[in-house]
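In case you want the letters, here they are:
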Amino acid sequence: QVQLVESGGGLVQPGGSLRLSCAASGRTFSGYAMGWFRQAPGKEREFVAVIHWNGISTNYSDSVKGRFTISRDNAKSTVSLQMNSLKPEDTAVYFCAAGPVSSETYQLTYSYDYWGQGTQVTVSS
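Residues numbered from 1 in each chain as written. Predicted model: local features only at pLDDT ≥ 70, side-chain atom pairs only at ≥ 80, totals over all residues. Heavy atoms only, no water.

S.K.: Any chance you could explain the state of the cysteines here in plain terms?
M.R.: Should the sulfur atoms of two cysteines be covalently bonded, the bond is a disulfide. Per the counting criterion, the structure on display carries 1 disulfide. A disulfide bridge connects C22 with C96, and the sulfur atoms are separated by 2.1 Å. Residues C22 and C96 are joined by a disulfide whose S-S torsion is about -80 degrees; by sign, that bridge is left-handed. Of the two residues, C22 is situated in strand β3 (residues 18-26) and C96 in strand β9 (residues 92-99); the sequence distance between them amounts to 74 residues. (Disulfide = S-S within 2.5 Å. Helix = DSSP H or I, 4+ residues; strand = E, 2+ residues; numbered from the N terminus.)

Dropping the structure here:
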């Protein structure tokens, strides 16, 4: 089992920045890819970013590419999502997830075995 706890959400103005963190505990963290997903009211959960087990390979959705950066610290069992130039359409609950995903499956929610409870991000003036 892996337990995931997100933090760092909040209210920010358009154009602002937030940094989300996800702390993992339990089974070996370093062997899993770590992803961030988000879900806005009335919408399906969507892929945002993933960092693979080696800490080098990353992928982003087109909507956040160039604005968000994902990173991980295997020694501390944490993964972070730096979000810059935030837009109102980034408003959602953000979830951290862990799983043995591949380069073909990282965007799929069912590829992840473990999920956090989520943290709210609201972008509004």
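S.K.: I tried to follow the sheet that holds strand β7 (residues 68-73) on my own but got confused; where do I start?
M.R.: In space, the 4 strands of this open sheet follow the order β1-β3-β8-β7, with antiparallel pairing throughout. Looking at strand neighbours, the two that pair on one side only are β1 (2-7) and β7, the edges of this open sheet. Taking each pair of neighbouring strands and ignoring which way they run, the sheet shows an average axis angle of 15 degrees. Relative to strand β8 (residues 78-83), β3 runs antiparallel, the two sharing 6 bridges. Bridge pairing in β8 places A23 opposite T78. (Pairing = 2+ DSSP bridges. Axes fitted to C-alpha atoms, helices over the stretch in contact; angles between N-to-C directions.)

S.K.: Got a minute to help me understand the packing of aromatic side chains in this structure?
M.R.: Under the criterion given, the structure shown has 6 aromatic pairs. Taken together, the ring pairs in this structure connect F37, F47, Y106, Y112 and W115 into an aromatic cluster. Over the aromatic face of F95 sits the side chain of R45, whose NZ or CZ is 3.6 Å from the ring centroid. One cation-aromatic arrangement involves R45 over W115; the distance from NZ or CZ to the ring centre is 4.9 Å. (Phe/Tyr/Trp six-rings, centres within 6.5 Å; stacked < 30°, edge-to-face > 60°. Lys NZ or Arg CZ within 6 Å of the ring centre and 35° of its normal.)

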